[in-house]
Amino acid sequence: MADRDGYIWFDGQLVPWREATVHGLTHSLHYGMGAFEGERAYATPRGAAIFRLTEHTRRLFNSAKILQMDMPYTEAEINAATKKVIRANQLQSAYIRPLLFYGAEGMGLSAKGLKVHVLIAAWTWGSYLGQEALERGIRVKVSSYSRHHVNIHLCKAKATGNYMNSMLAQREAAHGGYDEALLLDREGYVAEGSGENVFMVRNGTLYTPTLTSALEGITRDTILGFARDAGIPLVEKQLTRDEFYIADEAFFTGTAAEVTPIRELDNRSIGNGRRGPITEALQSRYFDTVTGRRDDHPEWLHYTD
Ligand code: PMP
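Everything in this summary refers to the structure shown in the same document. Quantities reported herein were computed from a predicted structural model and do not represent experimental measurements.

### A short note on the overall build of the protein
Move 1: Helix and strand counts for the protein stand at 8 helices and 17 strands.
Move 2: Its C-alpha radius of gyration of 19 Å places the protein within 12% of the 19 Å reference for a compact globule of 305 residues.
Move 3: Over its C-alpha atoms, taken along the principal directions, the protein stretches across nearly 55 × 45 × 30 Å.
Move 4: Burial status across the protein gives 43% buried among its 305 residues.
Move 5: For the protein, contacts bridging at least 24 residues in sequence account for 69% of all contacts bridging at least 6.

Next comes the structure, spelled out in structure tokens:
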């Protein structure tokens, strides 16, 4: 990732990609306190557009607030910088990674007086779980790791340290031959994937877990809006793993994973083991919206020129 051409916005300036480096005593590297975002720009008929940029930037600022990290820029500055990164790298479609972290000015847990650094990188990144996954769906295993208890890690922050839990779960699933993990909360209810929110469909109703131990996903919010528009009955509640076993359809949502059908959970086929009709309808509306083929939400597309 480090050895490539391009530019990264780093503390207010565009820096050549290979020079966007940090010192080994960078505080966030040691204790894992930092925050980030994952955003996507898509090629549209009017040029590259960042999907729901302002909501992602808002969530980054909310993460900083939760973690009590002083953000040295305004939301407007970060929005403008994000667009600048897309332009500077001449990208049409991209994954975008803003990151907020403490510098190397001192050690110790208080992080007092440390500089808060911000960088924004962007690069071309295809579908996270593979193109085939979007059509055929993926095989998922309930993780032996629990999702964070709300008083251990704060799940409304997209905090760097939270992702150690995600990595452990993802690796365990991959080593077992599965595509992704589904994590339960400390009470045993379904929380989310390692980097995705989760939905299921049963008898025409769309269900998704309440957000106690899960990130407030922006894709989740997008899909909930589509379901409301389409008149699909919608229930947000605590869900158990066996409710998913007997669901007609299930899928993950996330900026990276987009809308990925789940065809199997814990070696049980979900529905007929293929992408279901409601999943397919929501997924195609998602792709039509992000790529500007539908313009019923123009406020979600942030053009970069
Ligand atoms: N949960 C977790 C743990 C995630 O990392 C992500 C990806 N940011 C999501 C859910 C989905 O969030 P979004 O739709 O905003 O990308």
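So that's the structure; there's more coming.
### A look at the environment of Arg59
Move 1: For Arg59, the position within the fold is in helix H2 (residues 53–67).
Move 2: Arg59 gets classed as buried once you count the C-beta atoms within 10 Å, which come to 21.
Move 3: The sequence separation of Arg59 and Asn267 amounts to 208 residues, and the corresponding C-alpha distance is 35 Å.
Move 4: Once residues within four sequence positions are removed from consideration, Arg59 is found in contact with Glu37 and Lys158.

### Digging into the pairing of strand E12 (residues 205–209)
Move 1: For E12, the tally of buried residues reaches 4 of 5 residues, placing the bulk of the element in the interior.
Move 2: From the end of strand E11 (residues 197–202) to the start of E12, which pair antiparallel, there are 2 residues, and Asn203 there has a positive phi angle of about 50°.
Move 3: Bridge analysis of E12 against strand E13 (residues 234–237) gives 4 bridges, and the strand direction is parallel. Paired with Leu206 across the two strands is Leu234, which belongs to E13.

### With respect to the environment of Leu184
Move 1: Here Leu184 shows up in strand E9 (residues 180–184).
Move 2: A sequence separation of 155 residues divides Leu184 from Leu29, and the C-alpha atoms of the two residues are 28 Å apart.
Move 3: Contacts of Leu184, omitting those with residues within four sequence positions, involve Val142, Ser146, Arg147, Tyr189, Val190, Ala191 and Arg241.

### Let's talk about the site of the ligand
Move 1: Close to the ligand lie 15 residues; Leu215, Gly217, Ile218, Thr219 and Thr255 are nearest.
Move 2: Residues of the shell around the ligand, tallied by class, amount to 3 nonpolar, 9 polar and 3 charged.

### A few points about the packing of H2 against helix H3 (residues 75–88)
How two helices sit against one another is set out by the angle between their axes and by the gap between those axes.
Move 1: H3 packs onto H2 with a crossing angle of 125° between their chain directions and a minimal axis gap of 10 Å. Taken together, the axes of H2 and H3 are oblique relative to one another. The interaxial crossing formed by H2 with H3 has right-handed handedness. Of the residues in H3, those in contact with Leu53, Thr54, Thr57, Arg58, Leu60 and Phe61 of H2 are Glu75, Ile78, Asn79 and Thr82.
Move 2: The class makeup of the residues in the contact of H2 with H3 is 4 nonpolar, 4 polar and 2 charged.

About the thresholds
Residues numbered from 1 in each chain as written. Predicted model: local features only at pLDDT ≥ 70, side-chain atom pairs only at ≥ 80, totals over all residues. Helix = DSSP H or I, 4+ residues; strand = E, 2+ residues; numbered from the N terminus. Rg over C-alpha atoms; globule rule 2.2 N^0.38 Å. Buried ≥ 20, exposed ≤ 12 C-beta atoms within 10 Å, placed from the backbone. Contact = placed C-beta atoms within 7 Å. Pairing = 2+ DSSP bridges. Near = placed C-beta within 6 Å. Nonpolar A, V, L, I, M, F, W, Y, C, P; charged D, E, K, R; others polar. Axes fitted to C-alpha atoms, helices over the stretch in contact; angles between N-to-C directions. Parallel < 35°, antiparallel > 145°, perpendicular 65-115°, else oblique. Left-handed = near helix turned anticlockwise from the far one by under 90°.

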